[in-house]
Amino acid sequence: MFIIGKILTMIMMPTALLVEILLIGLLLRRFLFGRALVTFAAAAFAICLFFPVDQWAIRPIEDRFPQIRTPPEHVDGIIVLGGSIDCLTSQDRQTPVTGAAGDRLTTFVALARRYPDAKLVFTGGSGDIEQGITNEAKWVRLIFESLGLSDDRVIYENRSRTTRENATDSFALVHPKPDQTWILVTSASHMPRSVGVFSKAGWRVLPWPVGYVSRDHIHNYSLSLGNRFAILDWAAHEWIGMAAYRLRGWTDTFFPKPEKTD
(Lines give C-alpha, C1' and ligand atoms only; values in the text may rest on other atoms or scores of the structure.)
Protein backbone atom coordinates (compact mmCIF):
# COMPACT_ATOMS: atom_id res chain seq x y z
CA MET A 1 0.00 0.00 0.00
CA PHE A 2 2.90 2.37 0.71
CA ILE A 3 4.24 2.11 -2.85
CA ILE A 4 0.75 2.29 -4.39
CA GLY A 5 -0.03 5.39 -2.35
CA LYS A 6 3.19 7.08 -3.43
CA ILE A 7 2.54 6.38 -7.12
CA LEU A 8 -1.09 7.51 -6.97
CA THR A 9 -0.09 10.71 -5.21
CA MET A 10 2.53 11.50 -7.84
CA ILE A 11 0.17 11.07 -10.79
CA MET A 12 -2.56 13.11 -9.06
CA MET A 13 -0.44 16.22 -8.55
CA PRO A 14 -1.79 19.22 -10.53
CA THR A 15 1.37 19.57 -12.63
CA ALA A 16 1.37 15.89 -13.56
CA LEU A 17 -2.38 15.85 -14.21
CA LEU A 18 -2.24 18.82 -16.58
CA VAL A 19 0.67 17.30 -18.51
CA GLU A 20 -1.19 13.98 -18.69
CA ILE A 21 -4.34 15.72 -19.95
CA LEU A 22 -2.33 17.70 -22.50
CA LEU A 23 -0.56 14.59 -23.83
CA ILE A 24 -3.80 12.64 -24.10
CA GLY A 25 -5.40 15.59 -25.87
CA LEU A 26 -2.52 15.79 -28.35
CA LEU A 27 -2.78 12.07 -29.06
CA LEU A 28 -6.52 12.44 -29.68
CA ARG A 29 -6.36 15.84 -31.39
CA ARG A 30 -8.17 14.50 -34.47
CA PHE A 31 -11.26 14.22 -32.31
CA LEU A 32 -13.29 16.97 -30.66
CA PHE A 33 -12.68 15.39 -27.27
CA GLY A 34 -8.92 15.55 -27.75
CA ARG A 35 -9.00 19.21 -28.79
CA ALA A 36 -11.15 19.95 -25.76
CA LEU A 37 -8.54 18.36 -23.50
CA VAL A 38 -5.77 20.46 -25.06
CA THR A 39 -7.86 23.61 -24.60
CA PHE A 40 -8.59 22.70 -20.99
CA ALA A 41 -4.91 22.08 -20.19
CA ALA A 42 -3.83 25.32 -21.88
CA ALA A 43 -6.49 27.30 -20.03
CA ALA A 44 -5.49 25.74 -16.71
CA PHE A 45 -1.84 26.64 -17.27
CA ALA A 46 -2.85 30.19 -18.17
CA ILE A 47 -4.98 30.55 -15.04
CA CYS A 48 -2.07 29.36 -12.88
CA LEU A 49 0.17 31.86 -14.66
CA PHE A 50 -2.03 34.91 -14.19
CA PHE A 51 -3.70 34.14 -10.85
CA PRO A 52 -2.20 33.09 -7.48
CA VAL A 53 -3.92 29.70 -7.48
CA ASP A 54 -1.07 28.21 -5.47
CA GLN A 55 -1.65 30.73 -2.68
CA TRP A 56 -5.38 30.11 -2.65
CA ALA A 57 -4.75 26.37 -2.33
CA ILE A 58 -2.16 26.41 0.43
CA ARG A 59 -3.14 29.41 2.53
CA PRO A 60 -6.09 27.74 4.33
CA ILE A 61 -3.88 24.82 5.35
CA GLU A 62 -1.08 27.04 6.62
CA ASP A 63 -3.49 29.21 8.61
CA ARG A 64 -5.29 26.29 10.25
CA PHE A 65 -2.98 26.32 13.27
CA PRO A 66 -1.76 29.74 14.46
CA GLN A 67 1.82 30.60 15.27
CA ILE A 68 2.86 30.37 18.91
CA ARG A 69 3.28 33.96 20.07
CA THR A 70 3.74 33.19 23.77
CA PRO A 71 5.89 30.08 24.31
CA PRO A 72 5.03 27.94 27.34
CA GLU A 73 7.24 28.19 30.39
CA HIS A 74 7.69 24.44 30.66
CA VAL A 75 7.95 21.80 27.95
CA ASP A 76 8.37 18.08 28.56
CA GLY A 77 9.39 17.19 25.04
CA ILE A 78 9.89 18.42 21.49
CA ILE A 79 9.37 16.30 18.40
CA VAL A 80 10.27 17.30 14.85
CA LEU A 81 9.05 15.47 11.78
CA GLY A 82 11.31 14.39 8.94
CA GLY A 83 10.99 15.78 5.44
CA SER A 84 13.75 18.39 5.64
CA ILE A 85 16.49 16.43 3.91
CA ASP A 86 17.03 15.63 0.24
CA CYS A 87 18.17 12.13 1.10
CA LEU A 88 19.17 10.95 -2.37
CA THR A 89 21.28 14.04 -3.07
CA SER A 90 22.78 13.80 0.41
CA GLN A 91 23.71 10.18 -0.23
CA ASP A 92 25.18 11.02 -3.63
CA ARG A 93 27.23 13.94 -2.31
CA GLN A 94 27.91 12.39 1.08
CA THR A 95 26.91 15.56 2.89
CA PRO A 96 23.56 16.71 4.35
CA VAL A 97 21.47 18.60 1.81
CA THR A 98 18.35 20.30 3.12
CA GLY A 99 15.22 20.92 1.09
CA ALA A 100 12.45 23.48 1.36
CA ALA A 101 11.54 22.34 4.88
CA GLY A 102 14.98 22.90 6.40
CA ASP A 103 13.63 25.37 8.96
CA ARG A 104 12.01 22.45 10.78
CA LEU A 105 15.51 21.51 11.91
CA THR A 106 16.73 24.99 12.80
CA THR A 107 13.55 25.66 14.78
CA PHE A 108 14.00 22.36 16.60
CA VAL A 109 17.55 23.28 17.60
CA ALA A 110 16.43 26.74 18.77
CA LEU A 111 13.67 25.17 20.90
CA ALA A 112 16.10 22.62 22.29
CA ARG A 113 18.23 25.49 23.57
CA ARG A 114 15.21 27.31 24.97
CA TYR A 115 14.13 24.17 26.84
CA PRO A 116 17.35 22.43 27.93
CA ASP A 117 15.51 19.85 30.06
CA ALA A 118 13.03 18.79 27.38
CA LYS A 119 13.18 15.34 25.82
CA LEU A 120 14.05 15.65 22.13
CA VAL A 121 12.83 13.39 19.31
CA PHE A 122 13.51 13.35 15.59
CA THR A 123 11.29 11.05 13.57
CA GLY A 124 11.91 10.12 9.96
CA GLY A 125 13.35 7.22 8.01
CA SER A 126 12.88 7.30 4.24
CA GLY A 127 9.78 8.28 2.29
CA ASP A 128 11.25 7.10 -1.01
CA ILE A 129 9.51 4.39 -3.01
CA GLU A 130 12.70 2.34 -3.02
CA GLN A 131 13.69 1.74 0.58
CA GLY A 132 17.17 1.02 1.89
CA ILE A 133 19.14 3.50 -0.21
CA THR A 134 19.52 6.10 2.51
CA ASN A 135 17.96 7.27 5.77
CA GLU A 136 17.05 10.80 6.80
CA ALA A 137 17.97 10.39 10.46
CA LYS A 138 21.58 9.73 9.43
CA TRP A 139 21.93 13.15 7.82
CA VAL A 140 19.88 15.01 10.43
CA ARG A 141 22.22 13.72 13.12
CA LEU A 142 25.15 15.33 11.29
CA ILE A 143 23.30 18.65 10.97
CA PHE A 144 22.38 18.71 14.65
CA GLU A 145 25.96 17.98 15.64
CA SER A 146 27.23 20.81 13.41
CA LEU A 147 24.75 23.17 15.10
CA GLY A 148 26.03 22.23 18.53
CA LEU A 149 23.17 19.97 19.61
CA SER A 150 24.64 17.14 21.64
CA ASP A 151 23.95 13.75 20.13
CA ASP A 152 23.02 12.18 23.46
CA ARG A 153 20.12 14.63 23.86
CA VAL A 154 18.19 13.46 20.81
CA ILE A 155 16.22 10.26 20.36
CA TYR A 156 16.22 9.23 16.69
CA GLU A 157 13.27 7.28 15.30
CA ASN A 158 14.63 6.17 11.93
CA ARG A 159 12.15 3.64 10.51
CA SER A 160 8.98 5.62 9.75
CA ARG A 161 8.02 6.23 6.12
CA THR A 162 4.83 8.25 6.51
CA THR A 163 3.37 10.91 8.79
CA ARG A 164 1.21 8.28 10.45
CA GLU A 165 4.26 6.16 11.19
CA ASN A 166 6.02 9.26 12.53
CA ALA A 167 3.30 9.45 15.16
CA THR A 168 2.77 5.78 15.98
CA ASP A 169 6.42 4.71 15.92
CA SER A 170 7.53 7.68 18.02
CA PHE A 171 4.70 7.13 20.49
CA ALA A 172 5.82 3.54 21.00
CA LEU A 173 9.39 4.76 21.45
CA VAL A 174 8.93 7.50 24.07
CA HIS A 175 5.53 6.71 25.68
CA PRO A 176 4.40 10.32 26.28
CA LYS A 177 2.09 10.83 29.26
CA PRO A 178 -1.32 12.54 28.81
CA ASP A 179 -0.42 15.39 31.15
CA GLN A 180 2.87 16.21 29.44
CA THR A 181 3.45 19.17 27.13
CA TRP A 182 5.01 18.17 23.83
CA ILE A 183 5.81 20.61 21.03
CA LEU A 184 5.31 19.31 17.50
CA VAL A 185 7.48 21.01 14.87
CA THR A 186 6.66 20.67 11.19
CA SER A 187 5.81 22.84 8.20
CA ALA A 188 2.66 24.94 8.55
CA SER A 189 1.08 23.27 5.53
CA HIS A 190 1.81 19.84 6.98
CA MET A 191 0.53 20.64 10.47
CA PRO A 192 -3.20 19.77 10.11
CA ARG A 193 -2.53 16.24 8.88
CA SER A 194 0.24 15.79 11.46
CA VAL A 195 -1.90 16.91 14.40
CA GLY A 196 -4.68 14.64 13.16
CA VAL A 197 -2.55 11.49 13.24
CA PHE A 198 -0.83 12.39 16.52
CA SER A 199 -4.22 12.97 18.12
CA LYS A 200 -5.47 9.65 16.77
CA ALA A 201 -2.39 7.97 18.25
CA GLY A 202 -3.32 9.40 21.66
CA TRP A 203 -0.60 12.01 21.69
CA ARG A 204 -1.64 15.56 22.57
CA VAL A 205 0.81 18.04 21.09
CA LEU A 206 1.33 21.79 20.95
CA PRO A 207 1.55 22.62 17.22
CA TRP A 208 4.57 24.78 16.33
CA PRO A 209 4.17 25.54 12.59
CA VAL A 210 7.16 26.74 10.56
CA GLY A 211 8.14 27.09 6.92
CA TYR A 212 5.38 29.30 5.55
CA VAL A 213 5.15 29.78 1.78
CA SER A 214 1.93 31.83 1.51
CA ARG A 215 1.89 35.58 2.03
CA ASP A 216 -0.44 38.12 3.57
CA HIS A 217 -0.60 40.17 0.38
CA ILE A 218 -1.29 37.72 -2.40
CA HIS A 219 -0.67 40.26 -5.16
CA ASN A 220 3.02 39.97 -4.34
CA TYR A 221 3.14 36.41 -5.59
CA SER A 222 6.11 34.77 -7.28
CA LEU A 223 6.69 35.48 -10.96
CA SER A 224 8.15 32.00 -11.38
CA LEU A 225 5.59 29.60 -12.83
CA GLY A 226 7.74 26.68 -11.70
CA ASN A 227 7.77 27.89 -8.12
CA ARG A 228 4.02 28.46 -8.14
CA PHE A 229 3.37 24.96 -9.48
CA ALA A 230 5.68 23.51 -6.84
CA ILE A 231 3.58 25.19 -4.12
CA LEU A 232 0.36 24.11 -5.82
CA ASP A 233 1.60 20.51 -5.95
CA TRP A 234 2.52 20.62 -2.27
CA ALA A 235 -0.91 22.00 -1.37
CA ALA A 236 -2.55 19.23 -3.39
CA HIS A 237 -0.31 16.69 -1.67
CA GLU A 238 -1.64 17.82 1.71
CA TRP A 239 -5.31 18.01 0.66
CA ILE A 240 -5.09 14.54 -0.86
CA GLY A 241 -3.18 13.28 2.16
CA MET A 242 -5.81 14.56 4.58
CA ALA A 243 -8.58 12.94 2.56
CA ALA A 244 -6.71 9.63 2.34
CA TYR A 245 -5.90 9.62 6.07
CA ARG A 246 -9.51 10.28 6.97
CA LEU A 247 -10.78 7.55 4.65
CA ARG A 248 -8.35 5.05 6.16
CA GLY A 249 -9.35 6.02 9.71
CA TRP A 250 -5.96 7.45 10.59
CA THR A 251 -7.49 10.77 11.64
CA ASP A 252 -10.84 11.62 13.22
CA THR A 253 -11.65 14.54 10.91
CA PHE A 254 -10.85 15.47 7.35
CA PHE A 255 -9.39 18.88 8.24
CA PRO A 256 -8.06 18.80 11.83
CA LYS A 257 -8.22 22.07 13.74
CA PRO A 258 -6.93 23.44 17.05
CA GLU A 259 -8.55 22.22 20.24
CA LYS A 260 -10.91 24.63 21.94
CA THR A 261 -9.49 26.21 25.08
CA ASP A 262 -11.42 27.65 27.99
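Residues numbered from 1 in each chain as written. Predicted model: local features only at pLDDT ≥ 70, side-chain atom pairs only at ≥ 80, totals over all residues. Heavy atoms only, no water.

Asker: Got a minute to help me understand helix α4 (residues 53–62) in this structure?
Answerer: Where burial is concerned, most of α4 is hidden: 7 out of the 10 residues are buried. Taken as a whole, α4 has its buried residues at V53, D54, Q55, A57, I58, I61 and E62. In this structure, the buried side of α4 is in contact with α3 (32–50), α9 (191–200) and α10 (225–247). (Buried < 20%, exposed > 50% of the residue type's maximum accessible area, 1.4 Å probe, protein only. Helix = DSSP H or I, 4+ residues; strand = E, 2+ residues; numbered from the N terminus. Contact = heavy atoms within 4.5 Å.)

Asker: How do you make sense of the packing of aromatic side chains when you look at a structure like this?
Answerer: The geometry of an aromatic ring pair comes down to the distance between the two centres and the angle between the two planes. Counted by the stated rule, this structure contains 12 aromatic pairs. Look at F198 and W203: their rings are 5.2 Å apart centre to centre, the planes differ by 55°, and that puts the pair in the tilted class. Across the pair, W203 and F198 agree in class, each one buried. Taken together, a centroid distance of 6.5 Å and an interplanar angle of 55° make the contact between F254 and F255 tilted. Among the residues examined, F255 registers a relative accessible area of 18% and is labelled buried. In this structure an aromatic cluster arises from ring pairing among F108, F122, F144 and Y156. The ring of Y156 has R141 lying over it, and the distance from NZ or CZ to the ring centre is 4.1 Å. In this structure, R193 packs its charged tip against the face of Y245, placed 5.0 Å from the ring centre. (Phe/Tyr/Trp six-rings, centres within 6.5 Å; stacked < 30°, edge-to-face > 60°. Lys NZ or Arg CZ within 6 Å of the ring centre and 35° of its normal.)

Asker: What is the right way to read the pattern of salt bridges from this model?
Answerer: Note that side chains of opposite charge can pair when their charged atoms are close. On inspection of all chains with the given rule, the structure shows 7 salt bridges. With a shortest N-O distance of 3.0 Å, R161 and E165 are connected by a salt bridge. Taking relative accessible area as the criterion, R161 reaches 33% and is therefore assigned partly exposed. When the shortest N-O distance is used, the salt bridge between K200 and D252 registers 2.8 Å. Placement of the pair is K200 in helix α9 and D252 in the segment after α10, with a sequence separation of 52 residues. (Salt bridge = Lys/Arg side-chain N within 4 Å of Asp/Glu carboxyl O.)

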